Amino acid sequence: MLQDAAHERVEGELEELAAKHESTSTMYQLVAKLHDAKPEPHASAVEFNRLLSDDYPRFADAESSLAEEAKALMLLQSVGRELEMIARFPDIHRHRMICLAGGFSAGKSSFINSFIDDPKIRLAEGVRPVTAIPSYVVASDAPSIQACSINGGQFELEPELYSKLSHAFVQSMGFNLSDLMPFVFIGARLNAEFFEHVCLIDTPGYNAGHGVADGGVRDRQQASSLARQADGLIWMIGVDAGGVLTASDLEFLKEVGHKKPLYVVLNKCETKSEDDLVDLIERIADDLAGQGIDVAGVSAYSAIEQREIECHDESLYAFLRKNNVPGDAGTALVERINEVFDMYDASLLRDTRRISMQGKALLNLALECYEVGGSDLREKMKPTLARLKNSLSAPPAPELCRQSRELREKFIECIMSVTGLQTSASAEPLS
Ligand SMILES: Nc1nc2c(ncn2[C@@H]2O[C@H](COP(=O)(O)OP(=O)(O)O)[C@@H](O)[C@H]2O)c(=O)[nH]1
Ligand SMILES: [Mg+2]
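Residues numbered from 1 in each chain as written. Chains lettered and ligands numbered in written order. Predicted model: local features only at pLDDT ≥ 70, side-chain atom pairs only at ≥ 80, totals over all residues. Heavy atoms only, no water.

Caption draft 1: Inspection of helix α11 (residues 247-256) at higher detail. Residues Asp249, Leu250, Phe252, Leu253 and Val256 constitute the buried set of α11. For α11, the buried positions fall inside an angular range of 160° around the axis, keeping them on one side. On the buried face of α11, the contacting elements are β1 (96-102), α10 (217-229), β7 (232-238), β8 (262-267) and α12 (274-290). (Buried < 20%, exposed > 50% of the residue type's maximum accessible area, 1.4 Å probe, protein only. Helix = DSSP H or I, 4+ residues; strand = E, 2+ residues; numbered from the N terminus. Arc of directions from axis to C-beta. Contact = heavy atoms within 4.5 Å.)

As structure tokens, this is what we get:
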């Protein structure tokens, strides 16, 4: 009797150990693959970063008058980071990026699944926080799930392993898997009318707390940086969580949503009456208008029933159709480079004008000295006038203007080479 109980206990412990061993060996295999997946870096992305760490600081040191130098550097660095991403994952960046964001369990993953026409490829759904690694989903006739390593390598991820990548699994690893595997790339059968050119980004939700290690701070940062990079944003709210925009939702939308198409989806709407839904979506539209946030429309949707039940302004389907156009990451990056060098050119121009006006004022002063006190006073003032003249900074050398033009062109050339941008992006300096 006693022996049976001991036997059972040992068996239980053995099973537990076997499960732990399997999980550890799965993690080990995943990390080893992530480590090995290292493609050659793209020469033009490398050149961009060389310009940024070599030529640009030399130019910026010589050009001392730009007040917004920190902003210029930040813009250039952000272009550098995005360019590296585009070089590593060109398949994704040919698409127009639409980011799905919102609270945990609002139904972001279910929303994407509701458009996937393939029972074998599903994003993980659940009542607890599930999506720990962002997924990039594009339409493809050859369905696949690829893990993307931080180095830009890719390898096939078995659906069973993919389904394990929950917050709980990732936390049990003891290190942050998303540092090694920033995202998963999913090719799935999606309706071409809405998604031929679109890449949907499924982000982790970011509600504070909810049993996530750092209270959701990292998830919020990640959702925010993905939303910023995207060309459009779909904000998801669960009708079961109140069906309204919270103050923190509005703050997020104000922070990242401006200047890009925004659509709000109220999900799980099959659980409410149509009258309630009309009230809820109108209230959402009012709250957004109250904060000065532009929204294309608000949809009362059901991911489970795969249909829109009501809408305010533009319907979800019209929004998706309108956004189904090829991505244009290169142009946005070129615009940012032009913004930086326009700032430098304007500052160089201001400097040239200021110094020339000071020179003229000095000349007038010398003439007035002569008029008032004749050659005696002029002789007496000569050393002071000479000192003043010397103290005027030298006009910005045409050399600096030339360097600014050259750097702008070189940065743009790198972008064009990485993104395959064909248009002759304007690189006209200010005159
Ligand atoms: N009733 C209902 N439940 C839904 C719907 N969409 C999602 N859910 C459920 O809501 C929970 C969270 O969904 P999930 O897609 O994982 O949310 P996410 O965290 O925003 O990605 C899951 O249990 C889903 O089954 C819907 O349209 N109706
Ligand atoms: Mg999810």
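So that's the structure; there's more coming.
Caption draft 2: Just the sheet that holds strand β10 (residues 307-313), in detail. One open sheet holds the 10 strands; their spatial order is β4-β3-β5-β2-β6-β1-β7-β8-β9-β10, and the pairing between them is mixed. Looking at strand neighbours, the two that pair on one side only are β4 (154-156) and β10, the edges of this open sheet. Here the average twist between neighbouring strands, direction ignored, is 25°. Examined bridge by bridge, strand β3 (residues 144-148) and strand β5 (residues 183-188) share five bridges and lie antiparallel to one another. Across the sheet, residue Gln146 finds its bridge partner in β5, namely Phe185. Lying over the sheet, α11 contacts β1, β7 and β8, oriented at roughly 175° with respect to β7. (Pairing = 2+ DSSP bridges. Axes fitted to C-alpha atoms, helices over the stretch in contact; angles between N-to-C directions.)

Caption draft 3: Highlighting the pairing of β8. Of all six residues that make up β8, six are buried, and the element is covered over most of its length. Burial along β8 is two-sided: Leu262, Val264 and Leu266 and Tyr263, Val265 and Asn267, pointing in opposite directions, are all buried. Inspection of the sheet shows β7 paired to β8 by six bridges, in the parallel sense. Residue pairing in the sheet places Met236 in a bridge with Val265 of β8. Considered for its hand, the β-α-β crossover made up of β7, α11 and β8 is right-handed. (Right-handed = clockwise from strand over helix to strand, strands pointing away.)

Caption draft 4: Fine view of the site of ligand 1. Contacts to ligand 1 come from 17 residues, most closely from Ser105, Lys108, Ser110, Glu270 and Ala303. Interatomic distance of 2.7 Å between a backbone N/O atom of Ser105 and an oxygen atom of ligand 1. Ala106 places a main-chain nitrogen or oxygen 3.2 Å from an oxygen atom of ligand 1. Isolated, ligand 1 exposes 570 Å² of accessible area, and the fraction of that covered by the protein chains is 86%. The leading source of residues in the shell around ligand 1 is helix α5 (residues 108-113), at three residues. The residue inventory of the shell around ligand 1, partitioned by class, reads five nonpolar, eight polar and four charged. (Near = heavy atom within 4 Å. Polar contact = N/O pair within 3.5 Å; in protein donor to acceptor, adjacent residues only side chain to side chain. Areas by Shrake-Rupley, 256 points an atom, 1.4 Å probe, with all protein chains shown as cover. Nonpolar A, V, L, I, M, F, W, Y, C, P; charged D, E, K, R; others polar.)

Caption draft 5: How the structure looks around the packing of helix α3 (residues 69-88) against helix α15 (residues 398-419). As a packed pair, α3 and α15 sit with axes 10 Å apart at the nearest point and diverge in direction by 25°. In terms of orientation, α3 lies roughly parallel with respect to α15. Of the two possible hands of crossing, α3 and α15 adopt the one that is left-handed. Residues Leu76, Val79, Leu83, Ile86 and Ala87 of α3 lie in contact with α15, whose contacting residues are Phe411, Cys414, Ile415, Val418 and Thr419. Taken together, the residues of the contact of α3 with α15 break down into nine nonpolar, one polar and no charged. (Parallel < 35°, antiparallel > 145°, perpendicular 65-115°, else oblique. Left-handed = near helix turned anticlockwise from the far one by under 90°.)

Caption draft 6: Examining the confidence of the model for the protein more closely. Of the residues in the protein, 91% have a pLDDT of 70 or more, and the chain-wide mean is 85. Confidence drops under a pLDDT of 50 for residues 424-431, and excluding neighbours within four residues, the segment shows 17 contacts in the predicted structure. (pLDDT = per-residue confidence, 0-100.)

Caption draft 7: Geometry of the pairing of strand β9 (residues 297-302). Summarising burial for β9: six of the six residues are buried, a large majority. Taking every second residue as pointing to the same face, both faces of β9 are buried, with Gly297, Ser299 and Tyr301 on one and Val298, Ala300 and Ser302 on the other. The pairing of β8 with β9 spans four bridges and is classified as parallel. Bridged to Val264 within β9 is Val298. In this fold, β8 hands off to α12, which returns the chain to β9; that crossover is right-handed. Note that β9 and β10 share six bridges and pair antiparallel.

Caption draft 8: View of the nonpolar core. Counting 44 residues, the largest nonpolar core has Leu30, Phe111, Leu157 and Ile234 as the members making the most contacts within it. Apart from residues no more than four positions distant in its own chain, Leu30 is found in contact with Phe155, Leu157, Leu161, Leu165, Met173, Leu177 and Met181. If you look at the next biggest cluster of nonpolar residues, it comprises 40 residues, including Ala223, Trp235, Leu253 and Leu262. (Core = buried A, V, L, I, M, F, W, Y, C linked by side-chain atoms within 4.5 Å.)

Caption draft 9: Spatial organisation of a negative patch on the surface. Together, Glu274, Asp275, Asp276, Asp279, Glu282 and Asp286 line one region of the surface with negative charge. Topologically, Asp275 is positioned in helix α12. (Patch = residues over 30% accessible without salt bridge, like charges linked within 9 Å, V, L, I, M, F, W, Y side chains within 5 Å. Salt bridge = Lys/Arg side-chain N within 4 Å of Asp/Glu carboxyl O. Lys, Arg positive; Asp, Glu negative; His and termini not counted. Charge placed at Lys NZ, Arg CZ, Asp CG, Glu CD.)

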